[in-house]
Amino acid sequence: MGLHTRINSAVEAAIRIGQAGTPPAKLSEALHYACTPGGARIRPTILMSVAMACGDDSPKMADAAAAALELIHCASLVHDDLPCFDDADVRRCKPSVHRAYSEPLAVLTGNSLIILAFEVLAMAAEHSPDRAVRLIRILSRQSGMPFGICAGQGWESEAKIDLSAYHQSKTGALFIAATQMGAIAAGQDEEPWFELGARIGEAFQVADDLRDALYDSETLGKPVGQDDLHGRPNAVTVLGVDGAQSRLRDILSGAISSIPSCPGEAQLAEMVRMQAERLTPVLQARTARAG
């Protein structure tokens, strides 16, 4: 089974848990709609890649961790798109959840996915209680307050933004969760994997700033120019396009250097390089727009 197929199967299995019994039909359908198709599944791919690099001695635990992380990510997208935040009409080239199902159902969809993520990890405790508890702790820390994606969203309501804290919580948190949860799922200590997750998260934020500035909505599958529209700080505003691209290359180089020693270190470095290629087609976008 390929990695992408494995991740999608784990996510689909998790969604079915939330659709069991006789649930309200629209909300049940919205859970699936919010998570599929799943785009690049970057975060669970990183998680699985770390688990495999560390031996992947408990595949069911890694599957649960990957599914839980992706459910949290999808929930955050549903909530980000709401009228009270970005008020986005499109996500992944289709109507956002609140446009397709209504605002109340979008709120409930996001909430349900968050709760479902932790249910999936709790159910995985039968394979290893200790690992499940550690996974729940890391995912909680990187999802809520004061370090997680909730904190990242909260910074946008502050008059003065701590840019480093904002980026690490809004974007970096789930990448840190990805590397650390991958290590935990394979029975390893999570602490050595913090830096890799933080660096990948920083790179993704810079790349996202570049895409937001340079791409059109058709290419991205979601609205563009959101940073300017909402007055958010970003790497392009601070560094310019060329400076942001240079910064991105430096961060990715540092990410590869920070990979802890493990049996699959070389394969993991290659995965980071592949993700880097996915992140950096922005020069072509700039050229196309200029022409």
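Before reading on, note that the structure itself is shown above.
Attention here is on the structure that accompanies the text. (Residues numbered from 1 in each chain as written. Predicted model: local features only at pLDDT ≥ 70, side-chain atom pairs only at ≥ 80, totals over all residues. Heavy atoms only, no water.)

To continue, consider the overall build of the chain. Summing up its helical and strand segments, the chain has 15 helices and 2 strands in all. Compactness check: the chain gives a C-alpha radius of gyration of 18 Å against a globular reference of 19 Å for 291 residues, within 12% of the reference. Evaluated residue by residue, the chain yields a buried proportion of 52% over its 291 residues. For the chain, the share of sequence-separated contacts (at least 6 apart) that also reach a separation of at least 24 residues comes to 69%. When the accessible surface of the chain is summed, it comes to about 13,200 Å², and 55% of that surface belongs to carbon and sulfur atoms. (Helix = DSSP H or I, 4+ residues; strand = E, 2+ residues; numbered from the N terminus. Rg over C-alpha atoms; globule rule 2.2 N^0.38 Å. Buried < 20%, exposed > 50% of the residue type's maximum accessible area, 1.4 Å probe, protein only. Contact = heavy atoms within 4.5 Å. Areas by Shrake-Rupley, 256 points an atom, 1.4 Å probe, with all protein chains shown as cover.)

Moving on: empty space enclosed by the protein. One pass over the structure, following the stated rule, counts 2 cavities of 30 Å³ or more. Within this model, the largest cavity holds a volume of roughly 100 Å³. Taken together, 14 residues line the largest cavity, and the ones lying closest to its centre are Tyr33, Ala34, Val78, Arg91 and Val97. Taken together, the elements giving at least two residues each to the lining of the largest cavity come down to α2 (25–35), α4 (59–80) and β2 (94–95). With 3 residues, α4 is the single largest residue contributor to the lining of the largest cavity. A breakdown of the residues in the lining of the largest cavity according to their chemical character gives 8 nonpolar, 2 polar and 4 charged. (1 Å grid on protein atoms, 1.4 Å probe; cavity = no way out; pocket = protein on both sides within 12 Å on 5 of 7 lines; lining within 4 Å. Points joined across faces, edges and corners; volume = space filled by probe spheres on them. Nonpolar A, V, L, I, M, F, W, Y, C, P; charged D, E, K, R; others polar.)

Turning our eyes to something else, we now look at the environment of Pro260. Tracing the backbone shows Pro260 in the loop between α13 (235–257) and α14 (265–279). Spatially, the C-alpha atom of Pro260 lies 8.3 Å from that of Leu196, the residues being 64 residues apart in sequence.

A few words on unusual backbone geometry. The amide bond that connects Thr36 to the next residue, Pro37, takes the cis arrangement and shows omega of -10°. The topology assignment puts Pro37 in the loop between α2 and α3 (42–53). In this structure, the amide linkage connecting Met145 to the following residue, Pro146, adopts the cis form with an omega of 5°. Within the secondary structure, Pro146 is located in the loop between α7 (129–143) and α8 (149–155). Although it is not a glycine, Arg92 adopts a positive phi angle of roughly 55°. Inspection of the secondary structure assignment puts Arg92 in the loop between β1 (90–91) and β2. Given the relative accessible area of 22%, Arg92 is considered partly exposed.

In summary, soluble globular proteins display a tendency toward joint burial of nonpolar side chains. Counting residues in hydrophobic clusters, the biggest one holds 68 residues, and the most contacted among them are Leu71, Met181 and Trp193. The dominant element in this core, judged by the number of residues it contributes, is α4, at 13 residues. Aside from chain neighbours lying at most four places away, what touches Trp193 is Val50, Cys54, Thr179, Gln180, Ala183, Ile259, Pro260, Cys262 and Leu268. (Core = buried A, V, L, I, M, F, W, Y, C linked by side-chain atoms within 4.5 Å.)

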